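Below are the chains, spelled out letter by letter.
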Amino acid sequence: MAPRAPVAVSPASRRVVVAGALLALFLAALDQTIVSTALPRIIANLQGIGLLAWVFSAYMLASTIAVPLVGKLGDQLGRKPIFIAAIVIFIAGSVAAGAAQSMLQLVIFRAVQGVGGGMLFATSFAIVGDLYSPLERGRIQGLFAAMFGISSVLGPALGGWITDASSWRWVFYINLPVGILALSVVAIGMPWTRPHGVARPRLDLWGSVTLTAALLPFLLALVWAGDRYPWRSWEIAALFAAAVLALAAFVRAERRAHEPILPLQLFRNRTFAVSSVILLLTGAGMFGAITMLPLYLQGAQEIPAARAGSLMIPLSLAIVAGSAAAGQLITRTGRYKGLVIGGTVITTGGLLLLARITVDTPYAQLVPAMLLVGLGLGLTFPVFAAIVQNALPYQLLGVATSAVQFFRSIGGTLGVAVFTGIMLHRFRDGIGGTLADVPAVTGNLSKLLNDRGTPAVERAYAESAPAGAAPWSQVLDVAHVSQAEAIAGVFLIAAAVVAVTFIVAWLLPELELQRVSPQELARRMAAQPPAHEAPPAPAPAPQPAAAVPQQPGDA
């Protein structure tokens, strides 16, 4: 891969680009949180509780697959056309999801949304690398992370209010006006900074196909194991085997690709390798918390969607505060390892507190736990894009930034799939152990996940319950207790996953963050004489093609 100089952008254009990127990032981040509080109502309306995990997983899987491909295209074509395409795809998927008539349709359209959302996330953070030095990027990426947190504040409350006041469909339709505004800002105000000297784009389509073929059966196996099929069934074994074979094909494809979507030599860089593992684990823990809390509040405690969304504001505000503080600390001190270690400890502590919840846990006990989880996650948010961009050559900026988002997304995808599967399995076991002979309840679990669905189950129970059956209040208590215990178990597993991250974080090298801006780098590269005018030099020793510079202690 030939070295590529960054394209100089005026200060005014920089501000417009960042504003457009922030608006687009807000659009994608809002969708992740606004859906969570509407999800119990969606399940009650469309049924299909077996597809619950896929409402999130389809979005995140599609986003995960799109991210590395988009990073490569951005390096080759420039960010603007990718950004515009991302917004258009996201808006189209949102409108289609709002019009879905079944859970299967919703899952499919959420996947379309995920493609657009993944493109938005990857391009937004890569733009920061195009415009700012590694030392400055912590501050700007802290701002981006704070925008994610702000959307987390507004999303649950807004989603709950929309669901109660109108229809859950408007949590998707609301993306239309916001998306059009973002599209206008980007299309009019963002310059097309297409890199000079870049050859015709070469897409690693085979890499994308094999990556999808590896992720999909692996995710299916995790969702279905212990629920639809036993862990030791041939169906689960076949899915895992297919995933392994496809992963081997992906590795082979990346070794042969001229422009791989995920260059394998990146893993020779210690900063990149350790960051990838941390992002994978924290992504699982983060999305596990965000997904389970609304289900607990609306299901086990029967809190209306609008109020449940507002009750999650402490978690979101803590993410904003942690992200802003981390961004400023990185820029002022140039140090980041302590933020990662401290963030994992704080997040683990918050998840352990959430693992103690019961059906009647007062809200005052939830607030400290949410604050700890949000603060810990916020402290790590701005770190990894900045340090990975700092540790790798500029010509790999888009790929490296996409890889950061890729591993966070894959962690979230697996976390949501696994944690939701565990919760549903334990919920069914808890219900079945006491109410196995009450099909009016066991056959309507999806309606028990929110306050508006329970009246329908109560009517079905009243019509079918045998003489001498337990009163409905006792049946409902059993359902609430089972759900609370199932969700508490998920939080405990999430805490164990993030605790492992604490150990891995000590392996993260702490390198000095470069102070040279992309504009200064462009001037220096432009001042260098062309290769044919350079004085002759001794032939260098043979090196591996497109090798990534290693750091002391790299593998």
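Nothing here was measured: the structure is a model prediction, and the numbers come from that model.

For the rest of this paragraph, the subject is the overall build of the chain. Each helix and strand counted, the chain has 20 helices and zero strands in total. Looking at the chain residue by residue over its 555 residues, the buried ones come to 56%. Long-range contacts, defined as pairs at least 24 residues apart, comprise 84% of the intrachain contacts of the chain with a sequence gap of at least 6.

The next thing to look at is the packing of aromatic side chains. Enumeration according to the criterion identifies seven aromatic pairs in this entry. Relative to Phe272, the ring of Phe267 has its centre 5.2 Å away and its plane inclined at 75 degrees; by these criteria the two rings are edge-to-face. On the accessibility criterion, Phe267 (34% relative accessible area) is partly exposed. When the ring of Phe272 is compared with that of Phe407, the centres are 6.3 Å apart and the planes differ by 75 degrees; the resulting orientation is edge-to-face. Of this pair, Phe272 sits in helix α10 (residues 270-300) while Phe407 sits in helix α16 (residues 397-435); the two residues are 135 residues apart in sequence, bridging distant segments of the chain.

What follows concerns helix α15 (residues 383-391). A large share of α15 lies buried, amounting to nine of its nine residues. Taken together, the buried positions of α15 are occupied by Val383, Phe384, Ala385, Ala386, Ile387, Val388, Gln389, Asn390 and Ala391.

What follows is about the nonpolar core. Residues Leu106, Leu120, Phe144, Met423 and Phe491 are the most contacted members of the largest nonpolar core, which totals 140 residues. Among the elements that line this core, the one with the most residues is helix α1 (residues 11-46), at 16 residues. When sequence neighbours within four positions are dropped, the list of residues in contact with Leu120 reads Ala24, Leu27, Ala28, Phe83, Ala86, Ile87 and Phe90. Counting residues in each nonpolar core, the second largest holds five residues, with Tyr461, Trp472, Val475 and Leu476 among its members.

So, on to unusual backbone geometry. Positioned with a positive phi, Glu302 is a non-glycine residue whose angle comes to about 55 degrees. With respect to the secondary-structure elements, Glu302 resides in the loop between α10 and α11 (305-311). Glu302 sits in the partly exposed class, given a relative accessible area of 32%.

With that settled, the discussion passes to the side chain of Ser94. One can find Ser94 in helix α3 (residues 79-98). Every residue in contact with Ser94, bar those within four places of it in the chain, is listed here: Gln113, Phe172 and Asn175.

Another aspect to go through is the environment of Tyr173. Looking at the element boundaries, Tyr173 is found in helix α6 (residues 170-173). Through-space distance from the C-alpha of Tyr173 to that of Ser94 is 6.3 Å; in sequence the pair is 79 residues apart. If we skip the residues at most four places from it in the chain, Tyr173 touches Val95, Gly98 and Ala99. Within the structure, Tyr173 has its side chain in polar contact with the backbone oxygen of Gly98 (distance 3.2 Å).

Further remarks concern the packing of helix α13 (residues 337-354) against helix α19 (residues 472-505). Contact geometry of α13 with α19 gives a least axis separation of 8 Å together with a crossing angle of 160 degrees. Relative to α19, the element α13 is oriented roughly antiparallel. For the pair α13 and α19, the crossing hand works out as left-handed. Across the interface between the two elements, Lys337, Val340, Ile341, Thr344, Val345, Thr347, Thr348, Leu351, Leu352 and Leu354 from α13 touch Ala488, Phe491, Leu492, Ala494, Ala495, Val498, Ala499, Thr501, Phe502 and Ala505 from α19. Counted by class, the contact of α13 with α19 contains 15 nonpolar, four polar and one charged residues.

Here Val404 lies in helix α16. Overall, the relative accessible area of 5% leaves Val404 in the buried class. The spacing of Val404 and Phe384 is 20 residues in sequence and 6.9 Å in space, taken between C-alpha atoms. Setting aside chain neighbours within four positions, we find Val404 in contact with Leu279, Phe384, Ala385 and Val388.

Together, Val345, Phe502, Ile503 and Trp506 give the surface a local cluster of nonpolar side chains, amounting to about 410 Å² of exposed area. Among the residues examined, Phe502 registers a relative accessible area of 31% and is labelled partly exposed.

Quick look at helix α18 (residues 454-464) now. Residues of α18 that are buried include every one of Thr454, Val457 and Tyr461, and no others. The arc enclosing the buried residues of α18, seen along the axis, measures out at 60 degrees, which places them on a common side. Set apart from the buried face of α18 by more than 90 degrees, the exposed residues are Arg459, Ala462 and Glu463.

The packing of two helices is summarised by the inter-axis angle and the distance between the axes. The geometry of α3 relative to helix α7 (residues 175-189) is characterised by a closest axis approach of 10 Å and an angle of 170 degrees between their N-to-C directions. Our classification of the angle between α3 and α7 gives roughly antiparallel. Touching Lys80, Phe83, Ile84, Ile87, Val88, Phe90, Ile91, Ser94 and Val95 of α3 are Asn175, Leu176, Gly179, Ile180, Ala182, Leu183, Val186 and Ala187, all from α7. Of the residues in the contact of α3 with α7, the class split is 13 nonpolar, three polar and one charged.

A few words now on the environment of Gln301. Structurally, the position occupied by Gln301 is in the loop between α10 and α11. On the basis of relative accessible area, Gln301 is assigned to the partly exposed category, the value being 23%. Sequence separation between Gln301 and Thr361 is 60 residues, and the spatial gap between their C-alpha atoms is 8.9 Å. Not counting residues up to four positions away in its chain, the partners in contact with Gln301 are Tyr296, Thr358, Val359, Asp360 and Thr361. Within the structure, the side chain of Gln301 is placed 2.8 Å from the side chain of Tyr296, a separation counted as a polar contact. Within polar-contact distance, the side chain of Gln301 engages the backbone oxygen of Thr361 at 2.9 Å.

When the pLDDT values of the chain are averaged, the result is 77; 77% of them are 70 or greater. Confidence, read as mean pLDDT per element, is least for helix α20 (residues 518-527) in the chain (56) and greatest for α13 (92). Between residues 531-555, whose pLDDT stays under 50, and residues either more than four places distant or in other chains, the model counts 27 contacts.

Criteria and thresholds
- Residues numbered from 1 in each chain as written.
- Predicted model: local features only at pLDDT ≥ 70, side-chain atom pairs only at ≥ 80, totals over all residues.
- Heavy atoms only, no water.
- Helix = DSSP H or I, 4+ residues; strand = E, 2+ residues; numbered from the N terminus.
- Buried < 20%, exposed > 50% of the residue type's maximum accessible area, 1.4 Å probe, protein only.
- Contact = heavy atoms within 4.5 Å.
- Phe/Tyr/Trp six-rings, centres within 6.5 Å; stacked < 30°, edge-to-face > 60°.
- Core = buried A, V, L, I, M, F, W, Y, C linked by side-chain atoms within 4.5 Å.
- Polar contact = N/O pair within 3.5 Å; in protein donor to acceptor, adjacent residues only side chain to side chain.
- Axes fitted to C-alpha atoms, helices over the stretch in contact; angles between N-to-C directions.
- Parallel < 35°, antiparallel > 145°, perpendicular 65-115°, else oblique.
- Left-handed = near helix turned anticlockwise from the far one by under 90°.
- Nonpolar A, V, L, I, M, F, W, Y, C, P; charged D, E, K, R; others polar.
- Patch = residues over 30% accessible without salt bridge, like charges linked within 9 Å, V, L, I, M, F, W, Y side chains within 5 Å.
- Areas by Shrake-Rupley, 256 points an atom, 1.4 Å probe, with all protein chains shown as cover.
- Salt bridge = Lys/Arg side-chain N within 4 Å of Asp/Glu carboxyl O.
- Arc of directions from axis to C-beta.
- pLDDT = per-residue confidence, 0-100.

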